[in-house]
Amino acid sequence: MVSVVTRFATPTELFCKLMPIILNTVLVFSITAEVSYLVIVEAPLEPEQKKTEWSTIWKAIHLFSQYFMLGNITWNAWLFVKTTPSIRGVFLGGEAMGQGWRYCYACETHTPPRCSHCYDCNVCVLRRDHHCVFFNQCVGFRNYRYFFCCLLHMWAGLLYAVVMNAEVFIVILKEGVTLHSIMLLLVPWIMLVSGQVTARAFAFAFIADTCVVGFLLVAGFLFFHIALMLRGQTTREWHSSRRPYNLGTVNNVAECLGSRWYLCWLCPLIPSPLPGDGIHFKVTGSLEPVR
């Protein structure tokens, strides 16, 4: 009986882990395709402007910007998932244990400061920030740069998509704020199932809504992590009033993004060595709880 349950539980768990990644991929490429259609086919709005030289240059600039952001999103996401921040294969040097070290009973080893066990990954993670359910990967010391840059380009891409989809909202609301237009914007699925709109109108309304909601969510995550970075903290340390790892604004950013923090956001292939090893950290205060 146990083997049967295990046999069915494993594919189910795998599906649950892969579903957010698949959904994110579909949404990202759907938004990209829709915005590309708006740039190539729909813009500019005036018919006499569509055949001008400026129209071609304008479209080329927009498409380059769009696919530059898409390339950075997918590349950073891939490197984020492939780069493990765990303690596997890392020599922790337990003989030099000091302030902030703890014993993990799940991994059966001593772990350095800012390291904690992730029960989703079933391993301890160096400078663990949180477990990202959207990519089924922990955010930690070695892959934080890719996570943050992916988030940054997702925010920029969604902002761009929202601006480009302004035309969609204008078309929907051009006859005024009616029950039909409000329903199409808020619950496009119901409008499609009930036969009130065409599949084309549903697709544009759904993607436009997704861009707005996604932009607000990603903006919240991005600015939260910017605040954490500037404070020299991780998500797990946010609740603490103490900031023992606060080294100043520039050094805090370098601790997360590497020595070339001012360039690494342009391309994930730009080398940006991290100043530490994820085990030993410079501290400006006591690591022990205040009594």
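Thresholds, definitions, all that
Residues numbered from 1 in each chain as written. Predicted model: local features only at pLDDT ≥ 70, side-chain atom pairs only at ≥ 80, totals over all residues. Heavy atoms only, no water. Helix = DSSP H or I, 4+ residues; strand = E, 2+ residues; numbered from the N terminus. Contact = heavy atoms within 4.5 Å. Areas by Shrake-Rupley, 256 points an atom, 1.4 Å probe, with all protein chains shown as cover. Core = buried A, V, L, I, M, F, W, Y, C linked by side-chain atoms within 4.5 Å. Buried < 20%, exposed > 50% of the residue type's maximum accessible area, 1.4 Å probe, protein only. Expected span 1.5 Å × (residues − 1). pLDDT = per-residue confidence, 0-100. Phe/Tyr/Trp six-rings, centres within 6.5 Å; stacked < 30°, edge-to-face > 60°. Arc of directions from axis to C-beta. Salt bridge = Lys/Arg side-chain N within 4 Å of Asp/Glu carboxyl O.

A. Broad picture of the overall build of the protein chain. Helix and strand counts for the protein chain come out as eight helices and six strands. When the elements of the protein chain are put in sequence order from the N terminus, they spell out α-α-β-β-β-β-β-β-α-α-α-α-α-α. Counting contacts in the protein chain only where the partners sit at least 6 residues apart, residues at least 24 apart contribute 58% of the total. Accessible surface computed for the protein chain: about 16800 Å², of which carbon and sulfur atoms make up 69%.

B. Molecular detail of the nonpolar core. Grouped together as the largest cluster of nonpolar side chains are 32 residues, with contacts concentrated most on I31, V35, F80, Y144, F147, M229 and L257. For this core, the secondary-structure elements that each account for two or more residues are helix 1 (2-42), helix 2 (53-82), helix 3 (144-164), helix 7 (199-231) and helix 8 (249-257). Per-element tally for this core: the top contributor is helix 3, with 11 residues. If we ignore the near neighbours within four places in the chain, the residues touching V35 are Q66, Y160, A161, M164 and N165. Ranked by size, the runner-up nonpolar core spans 13 residues in total, among them L92, C115, C124 and C138.

C. Looking closely at the environment of V163. Here V163 lies in helix 3. For V163, a relative accessible area of 55% puts it in the exposed group. The spacing of V163 and C211 is 48 residues in sequence and 9.5 Å in space, taken between C-alpha atoms.

D. Just helix 7, in detail. Relative to the 48 Å expected for 33 residues at 1.5 Å per residue, helix 7 spans 47 Å between its end C-alpha atoms, a close match to the ideal helical length. One or two positions beyond helix 7, positive phi appears at G232, with a value near 70°.

E. Summary view of the confidence of the model for the protein chain. Summary statistics for the protein chain give a mean pLDDT of 86 and a share of 89% for residues scoring 70 or more. Across residues 1-9, confidence stays below pLDDT 50; counting only partners more than four residues off in sequence or on other chains, it has zero contacts.

F. Summary view of the packing of aromatic side chains. Taken as a whole, this structure holds 15 aromatic pairs when the rule is applied. Judged by centre distance (6.3 Å) and plane angle (20°), the rings of F64 and F68 are stacked. Here F64 pairs with F68, and both are found in helix 2, just four residues apart, close to one helical turn. On the basis of relative accessibility, which here comes to 60%, the residue F64 falls in the exposed class. What makes F68 partly exposed here is its relative accessible area of 34%. When the centroid spacing of 5.7 Å and the interplanar angle of 70° are considered together, the rings of Y245 and F281 count as edge-to-face.

G. Representation of helix 5 (residues 179-186). Looking only at helix 5, the buried set comprises S181, L184 and L185. Along the long axis of helix 5, the arc covered by the buried residues comes to 95°, so they all point the same way. Opposite the packed face of helix 5, turned more than 90 degrees from it, sit the exposed residues L179 and L186. Check the buried side of helix 5 and you find it contacts helix 4 (166-172), helix 6 (188-193) and helix 7.

H. Focus on unusual backbone geometry. Despite not being glycine, R114 shows a phi value in the positive range, around 70°. Looking at where R114 falls in the secondary structure, it is placed in the loop between strand 2 (109-111) and strand 3 (116-118). With phi around 60°, N122 is a residue other than glycine that occupies positive phi space. Its place among the elements puts N122 in the loop between strand 3 and strand 4 (123-125). The exposure class of N122 is exposed, given its relative accessible area of 53%.

I. The arrangement of the pattern of salt bridges in detail. Scanning all chains against the criterion turns up one salt bridge. Of the charged contacts, one joins E237 and R114 as a salt bridge, the two residues approaching to 2.9 Å between their closest N and O atoms. One end of the pair, E237, is in the loop between helix 7 and helix 8; the other, R114, is in the loop between strand 2 and strand 3, and 123 residues separate them in sequence. Judged by relative accessible area, E237 falls into the buried class, the value being 16%. By relative accessible area, which is 11% here, R114 ends up buried.

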